[in-house]
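Reading the structure
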Amino acid sequence: MSDHKFCYSNYDSQSQSNRFHPDSKSLWSQPSLPSVPSLTPKGHLQQYYLSNIQHQCLTTLKGHTSHISSLTFAGKFLYTGSSDKEIRLWKRNALNSEFECENLTNNTLPVGKGAVKSLVVLADKLFSAHQDHKIRVWKITNDDTDNQKCTRLATLPTLSDRAMKLLLPKNHVQIRRHKTSTWVHHVDTVSALALSRDKTLIYSVSWDRTLKIWRTSDFKCLESITNAHEDAINAVASSSDGDVYTGSTDKKIKVWRKNSGEKNHSLVATLEKHNSGINALAISLDGSTLYSGASDRSIVVWEKDGSHGMTVVGALRGHTKSILCLALVLDLVCSGSADKTIRIWRTGVDGNYSCLAVLDGHKGPVKCLAGAVDRCNPSDTSYVIYSGSLDCDIKVWQIVVPLL
């Protein structure tokens, strides 16, 4: 059996949820959105970009034995998580754009049960979300050879959090018939994590339909929003203005806000435009533009209106199957799809978007993306994009975009 076939088999068998199977659903494309105008008209500028953008796959990182489900980076280090219950650390070679994996045994963290669904780095800490309903926190240390080592620091909810909530009946919530749990626990796969812009909070969402808010200083669970959606929650994004966006299999995006003087977050808006489950969210640094990707093959672009709400301005089309992940890198929008490709988009002064490049090379659906600016010149800008796929591989891409 080939590697990528093994990954598909493993991927389909990993879900432990008896109620929701959002990942398996998201791989099947649903009808697109005819009612939303396209922001990617074909024309001379589009052809100019497609013919003038330089892009290449710099390297392929191998080592995981199952599909790549999450990745993130900090400085010269890349962190990848997969359904083989591992987090791996990769170090970039300072001499060029290649990556190397030194001391592979020491750079592999065996963790929990099931897939590593999300990874977030905060200073010297790595937060990981898992299919076994837990969030783990790792302490990152650098040794004398400039390599990194991660040691487990905590598992959320922490023991003190669990003990304090266990004693009082009011802290228990019913999760199914004849079974209760304290409200600090996720009771299904933790699907995504996001940091608040001031780094003091981390938000977690789950297939159990809850949104939880944790304090990053002591890992205390401050708040839990039960039944935040009608179905599994797959994505979360935090805005610079404090708003939190959650995307769900119920086809809705919900906006949560903690108003001045209030103790908890409350629902302030529900955004409905997709006609299938939402798999990915990304928001611009200034909080003015939100991107949502779904199984309807469309990336919907939302912009802030005068009343601090979000309105649809259009959709980015081109992928032939479900949108599984999104990442913003400076002025670029990167999208990964079940069609095995990555598309790179950029907006113009007229508000339309151009597809700068289509990165083709993975043998399976593209599940996660991250990127950074590699270098800036007066004539062009170079970006590096990292992609993880169900084919078990991580690819490192370089894209050089000329200035107009």
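**Details of the environment of Val 312**
- Checked against the element boundaries, Val 312 lands in strand E24 (residues 310-316).
- Val 312 sits ten residues away from Trp 302 along the chain, and the two C-alpha atoms are 4.5 Å apart.
- Look past the residues within four positions of Val 312 in its chain and what remains in contact with it is Val 36, Lys 273, Val 300, Val 301 and Trp 302.

**Here's the deal with the state of the cysteines**
- Going through the model one piece at a time under the given rule, you end up with zero disulfides.
- Unpaired in terms of disulfides, Cys 368 finds its nearest cysteine sulfur in Cys 325, a separation of 6.4 Å.

**Description of unusual backbone geometry**
- Here the bond from Leu 156 into Pro 157 is cis, since omega is 0°, no more than 30 degrees from zero.
- Of note, Pro 157 is situated in the loop between strand E10 (148-156) and helix H4 (159-166).
- Phi is positive for Ala 123, which is not a glycine, with a value near 55°.
- By secondary structure assignment, the location of Ala 123 is in the loop between strand E7 (116-122) and strand E8 (125-130).

**A closer look at the nonpolar core**
- Core analysis: the biggest nonpolar cluster contains 18 residues, and Cys 334, Ile 342, Ile 344, Leu 359, Leu 369, Ile 385 and Ile 399 have the highest contact counts within it.
- The set of elements that each furnish at least two residues to this core consists of strand E25 (323-329), strand E26 (332-337), strand E27 (341-347), strand E28 (353-360), strand E29 (366-376), strand E30 (380-389) and strand E31 (394-402).

**Structural notes on the pairing of strand E19 (residues 252-257)**
- A large share of E19 lies buried, amounting to five of its six residues.
- When strand E18 (residues 244-248) meets E19, the two strands line up antiparallel, connected through four bridges. Residue pairing for E19: Val 244 is matched across the bridge by Trp 256.
- Relative to strand E20 (residues 266-272), E19 runs antiparallel, the two being bridged by six bridges. Bridge pairing links Arg 257 to Ser 266 in E20.

Parameters at a glance
Residues numbered from 1 in each chain as written. Predicted model: local features only at pLDDT ≥ 70, side-chain atom pairs only at ≥ 80, totals over all residues. Heavy atoms only, no water. Helix = DSSP H or I, 4+ residues; strand = E, 2+ residues; numbered from the N terminus. Contact = heavy atoms within 4.5 Å. Disulfide = S-S within 2.5 Å. Core = buried A, V, L, I, M, F, W, Y, C linked by side-chain atoms within 4.5 Å. Buried < 20%, exposed > 50% of the residue type's maximum accessible area, 1.4 Å probe, protein only. Pairing = 2+ DSSP bridges.

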